[in-house]
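Structure at a glance
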Amino acid sequence: MSINYQDRIPNNVDLGSNRTLQRALEHWQPEFLKWWQDLGPRDFQVADVYLRTATSVDAKGWATYGFVHMPDYRWGIFLADRDPERRIGFGDNYGQEVWQQIPGEFRAILRRLIVTQGDTEPASVEQQRMLGHTAPSLYDLRNLFQVNVEEGRHLWAMVYLLHAYFGRDGREEAEELLERHSGDANKPRILGTFNEPISDWLSFFMFTYFTDRDGKFQLKSLAESSFDPLARTCSFMLTEEAHHMFVGDTGINRVVRRTLEVMKELGTEDPLAIRNAGAIDLPTVQKYLNFWFSSSLDLFGSETSSNAASYFANGLKGRPDESQYEDHIAAEQTFTLELPDGKGSTKSEQIPMRNAMNEVTRGSYVRDCELGVKRWNRLIEKAGHSFRLSLPSTRFRRNIGSWAGIPTDLTGRPIGQEQFNAQIGEWLPSESDRAYIMSLMHGVHEPGKMAAWIAPPDRGINNNPVDYEYVRLH
Ligand code: BYC
């Protein structure tokens, strides 16, 4: 169905035919806009931004470009088209018809999953709200705002599901999504990573590479759901999510490229000399990578999880790309975990596969993260340097799951707390690293100009040149 832009809330779900739902969402809309004004990108609400807006969910319409004031962006409700043949793809009800309504016994669990998903979207906008002031170029400023408005739309997608399928409880949850705030001591966001500050652009690129990629894997898992409206919502969100990860991937690539240029100009690998020249030394890039990767690993939940087993058994949340697996029931298989033995070493434990679904998804995520690291390393190798970026072990600095609070080194070897404390400054950004990165953060708002710590992108947006005026500030 094409998107109806005449309605106050653009949608392809025939919202006009359900007046009660339409009114409820129209009531939520001003609250959302107030939240956007208060906690969305600070100080750029009157700028004209070259944004992509979906006008339909098919290949032709989902990326339509034009200049928009962000508060006038047409946030709406878009679900991928319904496949009338779609069947449940995993778990105990494999092969049965998917659900258009929620079976009563799964209401509470599905609501929790949808609320958790929805909570992350506005959280990320809040985390990034000050970054506009320090954007390294207009190209980057535009990308930041593109990511922000789309996260706003993804919130709309979850709020639609809450309003349409969960009655009064759903409406209350939708309100609370605007009441919890990232980093708020009393009402924080639900998941840890979404309460971490993103105060600089190196963190922003790491977040869009590593944390948005958790989004990709969670959305892929939910796109398998037997609850068809949730599956269709998530499949469409994935098309937009790809750009967010592109921003992270190319952002880190450009930081590395600029550093390599400076290393070549100066003929040195000395981090201090590189910093003196205003670029970001590779060991510091590695520390930011360690921070955001380890934080994002927690977002997959515990290695062994009865929640995950019941989501899978009941067909609520599958594995990303479920069709690639042979056994969609997974009732007989086992999975071997390497767990801490409580004596400073590790032990193997076999658990039922269904209880290991978080770990299975985390494994796919780690392999996906590796691809970018390989690309960045190729740049470094080509430039003739032996330094390599790498992902730390999935046991390193965990706060959730079996390895939570167990001190390990970057390779995942358990170590004593004292050694961990003594070395943490080599592994994660120290206060002085953060102060250095912050000292580089100055807004560059002239078309085509780039901050000195980042290389220009290979190409602009939608076939426009890199020096296009992507954001008109006045
Ligand atoms: N922080 O059995 P467990 C995105 C809780 S990102 C705090 O281990 P489960 C985006 C858990 O809720 C994708 N708490 O885990 C990216 C549970 O709480 P209760 C967001 C955590 O339930 C960038 C308890 O620990 N979407 O879209 O199997 C920008 C034990 O649970 C954390 C989703 O996450 C944590 N890191 O799975 C914008 C999908 N981890 O029941 C957007 C929806 C776990 O004891 N959520 N807990 O109160 C889920 O599928 C699952 O809830 C989780 C955890 C994957 C988060």
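Described in the following lines is the structure provided in the data block. Small disclaimer: the values here were computed from a predicted structure and weren't measured. (Residues numbered from 1 in each chain as written. Predicted model: local features only at pLDDT ≥ 70, side-chain atom pairs only at ≥ 80, totals over all residues. Heavy atoms only, no water.)

**A look at the site of the ligand**
Around the ligand, the surrounding shell holds 29 residues, and the nearest of these are Gln-117, Ser-302, Ser-305, Asn-307 and Lys-317. Take Asp-298: an N or O atom from its main chain is 3.1 Å from a nitrogen atom of the ligand. Contact distances for the ligand include 2.6 Å between an oxygen atom and a side-chain N or O atom of Lys-317. Alone, the ligand offers 1,000 Å² of accessible surface; in the complex the protein occludes 82% of this. Per-element tally for the shell around the ligand: the top contributor is helix H2 (residues 107–127), with seven residues. Split by residue class, the shell around the ligand holds nine nonpolar, 13 polar and seven charged. (Near = heavy atom within 4 Å. Polar contact = N/O pair within 3.5 Å; in protein donor to acceptor, adjacent residues only side chain to side chain. Areas by Shrake-Rupley, 256 points an atom, 1.4 Å probe, with all protein chains shown as cover. Helix = DSSP H or I, 4+ residues; strand = E, 2+ residues; numbered from the N terminus. Nonpolar A, V, L, I, M, F, W, Y, C, P; charged D, E, K, R; others polar.)

**So, the packing of aromatic side chains**
For the structure on display, the rule yields 36 aromatic pairs. Between the aromatic rings of Trp-28 and Trp-156, the centroid separation amounts to 4.9 Å while the plane-to-plane angle is 90°, which identifies the pairing as edge-to-face. With Trp-28 in helix H1 (residues 19–39) and Trp-156 in helix H3 (residues 138–165), the pair connects residues that are 128 residues apart, well separated along the chain. Residue class for Trp-156 comes out buried when judged on its relative accessible area of 1%. With a centroid separation of 5.5 Å and an interplanar angle of 20°, the aromatic rings of Tyr-50 and Tyr-65 are classed as stacked. Taken together, the residues span a long stretch of sequence, with Tyr-50 in strand S1 (residues 48–53) and Tyr-65 in strand S2 (residues 64–69) at a distance of 15 residues. Relative accessible area serves as the criterion here: at 8%, Tyr-50 is assigned to the buried category. Looking at Tyr-65, the relative accessible area reads 28%, which means it is partly exposed. Aromatic ring contacts, followed pair by pair, group Trp-28, Phe-32, Trp-35, Trp-36, Tyr-73, Trp-75 and Trp-156 into a single cluster. Lying across the ring of Tyr-209, Arg-213 places its NZ or CZ 4.1 Å from the centre. (Phe/Tyr/Trp six-rings, centres within 6.5 Å; stacked < 30°, edge-to-face > 60°. Buried < 20%, exposed > 50% of the residue type's maximum accessible area, 1.4 Å probe, protein only. Lys NZ or Arg CZ within 6 Å of the ring centre and 35° of its normal.)

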